[in-house]
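Fold and geometry: a report
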Amino acid sequence: MHSKEKKNNNWLKYITYLVIVLQGIIFSLLSTYYLNENYREKLYTTPQDAPVIDIRYIGEDKTINVLNFLEEYANKNNILLVKTEDILDSKGYTIGERILLAGDYNSNKDKLDLSFMNQKLVKDDDINKLLSSNEDLSIGYESSSINMIRDIPKFVLGDNIVIKSLLPQTLNTNNINGNYRLVGAKQEDKDIIIKALSEITGISREKFSENLSGSYLDNSFKESILIGLFLLTLLLLFSLFIINSVRSIREMGIYILQGYSKKDYVFKTFTPFINVGSISSVMLVLYGLILTNFSFRSLTFISTMFLYGVVNFIIILLLVCVSSIVMLTISPIDAIKNRISTKKYIIMALTLFLLSNIAMVFMAIYIDGPYKEIEENKRLSINWKEVSDLYILNELNVGDDQKSFTRESKAIHQDFYDWYKSIEGKDGVYIINTSFTSDETIYDLKQKGVYKSLPDKAFWEFIASPNYLNKIGINIDDNVINEAYNGSRIYLIPSSYSNHEKNKMEKYILERDNVDFRDDDIKTAYMNKKNLKFYTYDNDRDLFTYNTSVEDSNYTKDPIINIVTSENMIFRESESINAMGLANSFVKLSYDAKNNYTNYNYLRKYNLSDNLPSYLPIEKHVDGIQKTLLITIRLFLSLIIMLGTICLILLYSSIVLFRIMNDEEINIKRFLGYTNNKIYKKINIFVIIVLLIDFIAVAIYKSKIGILLITLLAVIEFIFLYKTYSKNQFSKLLDYLKS
């Protein structure tokens, strides 16, 4: 074997070793991901057979009464209350679970079963210490280790698990709403509790049995990435095994002449890979311990990770077995002369090449979505130029309002309402939110029978504060404005509407706004008056619609206008003051208003300083969206580059196999002056067909990014083919002629 060829083979082995180790690490990440999912699911639903009550709609004024009753009844009747809720990060994303306990733990500890993989997660003494203390103690790290009794086992890349006492947590948040499991309770206990809660709160008994609460943490993206990486490494590893196998054929022929059997040589060739694979598989136990910070150390956990290691090793063995068939099935004479029937391997490599191309096509089509949004945002930036200096809410931290973000409380809505009420009508402080009801939407509502009366035609609706209407030149009688400030809901209907259209619109609005109020709704004067009035207005100018859709118009002359004030709001408006984004935002501020009313000192008066609301000009908000979309595109482009690299490796494998299978024929044709395109005609035709399929797919989906990427891929693949065909072609011909 030439020294250069030997050096190349060594590099190939080292790369294969590296991929084997990498595949083991990715498999350990995937394994612990699924273990974490099981861990979270068990803790969130334990115990599954306990009666459940769903406490909702309870305002802060009744929280203490409900809490006192639940604790007293649970302790008296040997019941353990278990409430599970999400832990959110500062941006409102779920990062773990909080388990809140109250009542009699010692009588129900076996039923609760706080264990995983035969490892008890907490000590009984720690939970008793937790429940007997009035301090806000915790088992497991949440935001600080100061009041932490001890940590709780968790997966490094998984969810954070925290156990706390219900009493201090409820007193801190002033919120009792949530889903409760009554461990150790009978059905009659549940009935008694529901009856008492109904009497305390005035809420009907049925509401406590709806069990509408729940949690779903969507980790599908993380799962897809891990599975995708694992499959890519398997594909790469298989390709490397095939190349190692084929490149060893000639040397195997020499060894056979020296008396070795084919099995002995196959064993010699793949033993180093099997050894690395076995070590990598055993290392899954260590990886598992590292990925839990050595917090899971039970024999069951170690055995499970070892079993995953065995599975990983079996996968490697299967790849080795399939890859070595070519060596085991070749005759000694063919091996010596390097004549190999690799047709099935070429078909396999080209099939994988086709599948990799298809995967790239789908990724390219997916990227087209964010790309189109970027194009649309450019259009938005131009169309919204006239209002680009207005500031809208762009970002909001959870702060102390986690219950509000999990929809168990309306505290943050109340805080924003109070804040807006304090600045209502001031210079540069506006409410404007628009929506378009299309003909298709009206037809759909008719078919579903949602409303008895519906308008006959599509319409724009503006929810606008009086000073915004004044800003855009719609002058309203002062008496009408005063009515709105005093709690009457005021709707303005364009004078261009006929009497029939006007009557239909009024009936629709009356039916739509006729809603029941709950105890925890934000209180406004309208809730007492329930007075709704209609007026007509004249307008002949184009009004900007704040439209974010390509299909809808940017201007209208005849919107339905809801004059909104802090006193005539219903929950749809009062709970939308903190809505974010171009399409959803309600409150719009000028530069001066933003500086005056969103600084720390002003927000602190309304309990909003911990939420750090960030108001950005519309122009910068669009820029921020662009950056987020670009990050998404870059991520998928990275995956496409990885797939593209694997495509080239598979293509290279196919060429190498084709050369080996047709070595003599290729050299004769080259000697006779055949061009590379004629010699490798079959491979070229296959690549062209695959690329045509790619082009047809992206053309059907009208994917601009797809067309660009497939064009680039075609150029790269043809350059790669040319370079691979040409590499060492004359030296190989000379070697052949010499032999």
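Residues numbered from 1 in each chain as written. Predicted model: local features only at pLDDT ≥ 70, side-chain atom pairs only at ≥ 80, totals over all residues. Heavy atoms only, no water.

**Observations concerning the overall build of the protein chain**
Across its full length, the protein chain holds 28 helices and 19 strands. Out of the 739 residues belonging to the protein chain, those deemed buried represent 50%. For the protein chain, restricting intrachain contacts to residue pairs at least 6 apart in sequence, the fraction spanning at least 24 positions comes to 79%. Carbon and sulfur atoms make up 55% of the accessible area of the protein chain, which amounts to about 36,100 Å² in all. (Helix = DSSP H or I, 4+ residues; strand = E, 2+ residues; numbered from the N terminus. Buried < 20%, exposed > 50% of the residue type's maximum accessible area, 1.4 Å probe, protein only. Contact = heavy atoms within 4.5 Å. Areas by Shrake-Rupley, 256 points an atom, 1.4 Å probe, with all protein chains shown as cover.)

**Remarks on the side chain of N611**
Following the sequence through the fold, N611 ends up in the loop between α22 (600-604) and β19 (614-617). You can call N611 buried: its relative accessible area is 0%.

**Thoughts on the pattern of salt bridges**
The final tally for this structure, using the stated rule, is 25 salt bridges. For K410, the salt bridge is made with D521, and the minimal N-O distance between the two is 2.6 Å. Placement of K410 in the loop between α13 (402-405) and α14 (411-423) and of D521 in the loop between α18 (499-513) and α19 (526-529) is noted, with a sequence separation of 111 residues between them. In this structure K410 comes out as buried when scored by relative accessible area, which is 14%. (Salt bridge = Lys/Arg side-chain N within 4 Å of Asp/Glu carboxyl O.)

**Re the sheet that holds strand β3 (residues 94-103)**
Read across the sheet, 7 strands follow the order β1-β9-β2-β3-β8-β6-β7 without closing on themselves; strand pairing throughout is mixed. Two strands bound the open sheet, and with one partner strand each, they are β1 (52-55) and β7 (148-150). Inspection of the sheet shows β1 paired to strand β9 (residues 178-183) by 4 bridges, in the antiparallel sense. Bridge pairing in β9 places I55 opposite G178. (Pairing = 2+ DSSP bridges.)

**Quick word on α14**
In this model α14 runs 19 Å from its N-terminal to its C-terminal C-alpha over 13 residues, within 8% of the 18 Å that 1.5 Å per residue would give. Downstream of α14 by a residue or two, G425 has a phi angle that is positive, lying close to 80 degrees. (Expected span 1.5 Å × (residues − 1).)

**Some points on unusual backbone geometry**
Even without being a glycine, D113 presents a positive backbone phi close to 50 degrees. Within the element layout of this structure, D113 appears in the loop between α3 (109-112) and β4 (115-116). Relative accessible area serves as the criterion here: at 33%, D113 is assigned to the partly exposed category.

**Focus on the environment of L43**
Turning to its location among the elements, L43 is positioned in helix α1 (residues 3-45). Owing to a relative accessible area of 3%, L43 belongs among the buried residues under this scheme. The spacing of L43 and S115 is 72 residues in sequence and 8.5 Å in space, taken between C-alpha atoms. Among all residues touching L43, those that are not within four sequence positions of it are T84, I99, L114, L121 and I161.

**Quick look at the nonpolar core**
Counting residues in hydrophobic clusters, the biggest one holds 68 residues, and the most contacted among them are F241, M327 and I683. Those residues in contact with F241, other than ones at most four positions away along the chain, are T16, I20, F270, F273, I316, L319, V320 and S323. Judged by nonpolar contacts, the second largest core, of 30 residues, contains L80, V82, F116 and M117. (Core = buried A, V, L, I, M, F, W, Y, C linked by side-chain atoms within 4.5 Å.)

**Focus: the packing of helix α2 (residues 63-76) against helix α5 (residues 166-173)**
At a minimum axis separation of 11 Å, α2 and α5 run at an interaxial angle of 175 degrees. In terms of orientation, α2 and α5 fall into the roughly antiparallel class. In this structure, α2 contributes T63, I64, L67 and E71 to the contact, and α5 contributes L166, L167, T170 and L171. Here the residues of the contact of α2 with α5 sort into 5 nonpolar, 2 polar and 1 charged. (Axes fitted to C-alpha atoms, helices over the stretch in contact; angles between N-to-C directions. Parallel < 35°, antiparallel > 145°, perpendicular 65-115°, else oblique. Nonpolar A, V, L, I, M, F, W, Y, C, P; charged D, E, K, R; others polar.)

**Here's the deal with the side chain of T233**
Among the secondary structure elements, T233 is positioned in helix α7 (residues 220-247). Under the relative-accessibility criterion, T233 is labelled buried at 7%. Leaving out residues up to four positions away in the same chain, T233 has contacts with V19, L22, Q23 and I26.

**Examining a nonpolar patch on the surface**
Together, L355, I358, F362, I688, L692, I696, I700, Y701 and F718 line one region of the surface with nonpolar side chains, adding up to about 890 Å² of accessible area. Sorting the residues of the nonpolar patch by element identifies α12 (343-383) and α26 (681-700) as the ones contributing at least two each. At 4 residues, the largest contribution of residues to the nonpolar patch is made by α26. Position of I700 among the secondary structure elements: in helix α26. Judged by relative accessible area, I700 falls into the exposed class, the value being 62%. (Patch = residues over 30% accessible without salt bridge, like charges linked within 9 Å, V, L, I, M, F, W, Y side chains within 5 Å.)

**Here we look at the packing of aromatic side chains**
Scanning the model with the defined rule gives 30 aromatic pairs in all. Between Y451 and Y508, the ring centres sit 5.3 Å apart and the planes meet at 90 degrees, which makes this aromatic pair edge-to-face. Taken together, the residues Y451 in the loop between α15 (439-448) and β12 (459-464) and Y508 in helix α18 connect sequence positions 57 residues apart. Residue Y451 is classed as partly exposed on the basis of its relative accessible area, which comes to 23%. (Phe/Tyr/Trp six-rings, centres within 6.5 Å; stacked < 30°, edge-to-face > 60°.)

**As for the environment of D558**
Looking at where D558 falls in the secondary structure, it is placed in the loop between β16 (555-556) and β17 (560-563). In the structure, D558 is positioned 98 residues away from W460 in sequence and 7.5 Å away in space, judged by C-alpha atoms. In contact with D558, not counting residues within four places along its chain, are P494, S496, Y497 and Y537.

**Things to note about the pairing of β17**
Burial along β17 is two-sided: I560 and N562 facing one way and I561 and I563 facing the other are all buried. Relative to β17, β12 is paired through 4 bridges, and the arrangement is parallel. Looking at the pairing, A464 lines up with I563 of β17. Pairing between strand β13 (residues 489-494) and β17: 3 bridges, direction antiparallel. Residue pairing in the sheet places L492 in a bridge with I561 of β17.

**Digging into the pairing of strand β8 (residues 160-165)**
Side-chain direction in a regular strand flips from residue to residue, so the side chains alternate between the two faces of the sheet. Most of β8 sits inside the fold, with 6 of its 6 residues counted as buried. Burial of β8 is two-sided: the residues N160, V162 and K164 facing one way and the residues I161, I163 and S165 facing the other way are all buried. In terms of strand pairing, β3 meets β8 through 6 bridges, oriented parallel. Of the residues in β8, the one forming a bridge with R98 is V162. Pairing analysis gives 2 bridges linking strand β6 (residues 138-139) to β8, with the strands arranged antiparallel. Note that in β8 the partner of S138 across the bridge is K164.

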